Amino acid sequence: MPHKNSLASLFRNSLNRSFPAFSCLGLSLLTACANVIPPCGAKISPPTRELKNTQWELIRWNLTPNNNGEVRARQIPQGESSNPIQIVFDANGEYLSGSTGCNRFTAQISEDERGFTLEKITSTKMICSPQRMELENDFLYELNDYRTIVRDGDRLLIIGRDREVLSFTQRDINKK
């Protein structure tokens, strides 16, 4: 039995001596990662040069997953005759504008190392059906409070703080 106790004692002493080193290593890795990963409240997006002079149409709106983790889609109007929700990035990368399907809106683009943020979002004030007004208000809220914007070729995703996802497809900017 003395042999087992001496091995356990040796292991414990070794662990006690190396614990501070491992703790410091773990802490320095966490600190380094904190400098790389944007803070929880940070908005991230591609640089505006990737989106200059592009037009996008909302084709799908995923709601926040329910308690079972199921993703549900919100009904949205699509196509020419239904006044789709569209966004357009200007040629200079300074403004975003578009249509909520009821009103026109514009926003100023401000860019930093994490991409861009939208500021000073304003819209016209026409009255539409209650359903359309609710959709417009929710869309403008998501646009103002997004967490991440991701571009994947001809798709653009706007991911909200509430985990709702607006999925856009690129349209020809010259087509009216």
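The structure we're discussing is the one just above.
The notes below deal with the structure included here.

Criteria and thresholds
- Here the residue numbering is sequential within each chain, running from 1 through the sequence in written order.
- Where totals are concerned, whole chains, interfaces and linings use all residues; where local detail is concerned, this predicted model gives features only for residues with pLDDT of at least 70, and gives and counts side-chain atom pairs only at 80 or more.
- Computation of side-chain values covers all heavy atoms of the structure but excludes hydrogens and water.
- Criterion for a disulfide: a pair of cysteine sulfur atoms at a distance within 2.5 Å.
- Secondary structure is summarised from DSSP: a helix means a run of H or I of at least four residues, a strand means a run of E of at least two, and numbering begins at the N terminus for each.
- For each residue, the accessible area found with a 1.4 Å probe, counting protein chains only, is set against the maximum for its type, and the residue is called buried under 20%, exposed over 50%, and partly exposed in between.
- Whether two strands pair comes down to DSSP finding at least two bridges between them.
- The aromatic pairing rule takes the rings of Phe, Tyr and Trp, using the six-membered ring of Trp, and pairs them if the centres are within 6.5 Å, calling planes under 30 degrees apart stacked, those over 60 edge-to-face and the rest tilted.
- Only buried Ala, Val, Leu, Ile, Met, Phe, Trp, Tyr and Cys residues count toward a nonpolar core, and they belong to the same one when joined by side-chain atoms within 4.5 Å.
- By definition in these notes, contact holds between two residues if any of their heavy atoms fall within 4.5 Å.

1. Things to note about the state of the cysteines
Joining two cysteines, a disulfide is a covalent bond between their sulfur atoms.
Stage number 1. Within the structure shown, the criterion is met by one disulfide.
Stage number 2. Across the disulfide from Cys102 sits Cys128; the S-S distance is 1.7 Å. Since a negative S-S torsion denotes a left-handed disulfide, the Cys102-Cys128 link at about 95 degrees is right-handed. Of the two residues, Cys102 sits in the loop between β4 (95-99) and β5 (104-112) while Cys128 sits in the loop between β6 (115-123) and α2 (130-144), which places them 26 residues apart along the sequence.
Stage number 3. For Cys128, a relative accessible area of 23% gives the class partly exposed.

2. What about the pairing of β4?
Stage number 1. Bridging between strand β3 (residues 86-89) and β4 involves four bridges; their strand directions are antiparallel. Its bridge partner lying in β4, Val88 is registered against Ser97.
Stage number 2. With five bridges connecting them, β4 and β5 associate as antiparallel partners. Bridge pairing in β5 links Ser99 to Arg104.
Stage number 3. The antiparallel pairing of β4 with β5 creates a hairpin that spans four residues between the two strands, and Gly101 there sits at a positive phi of about 95 degrees.

3. A word on the packing of aromatic side chains
Stage number 1. Under the defined criterion, the tally for this structure stands at two aromatic pairs.
Stage number 2. Ring geometry for Phe89 versus Phe116: centroids 5.8 Å apart, planes at 75 degrees, classification edge-to-face. Of this pair, Phe89 sits in strand β3 while Phe116 sits in strand β6, and the two are 27 residues apart along the sequence. Pair check on accessibility: Phe89 and Phe116 agree, each one buried.
Stage number 3. When the centroid spacing of 5.7 Å and the interplanar angle of 65 degrees are considered together, the rings of Phe105 and Phe139 count as edge-to-face. Here Phe105, found in strand β5, pairs with Phe139, found in helix α2; they are 34 residues apart in sequence, far enough to count as distant.

4. Some remarks on the nonpolar core
Stage number 1. Counting 25 residues, the largest nonpolar core has Ile87, Phe89, Leu96, Phe139 and Phe168 as its most contacted members.
Stage number 2. Of all elements in the fold, only β1 (54-62), β3, β5, β6, α2, β7 (146-152), β8 (155-160) and β9 (165-171) reach the threshold of two or more residues within this core.
Stage number 3. When residues of this core are assigned to their parent elements, the largest contribution, four residues, is made by α2.
Stage number 4. Here Phe89 is in contact with Leu51, Lys52, Asn53, Thr54, Trp56, Tyr95, Leu96, Ile109, Phe116 and Leu156, once residues within four sequence places are set aside.

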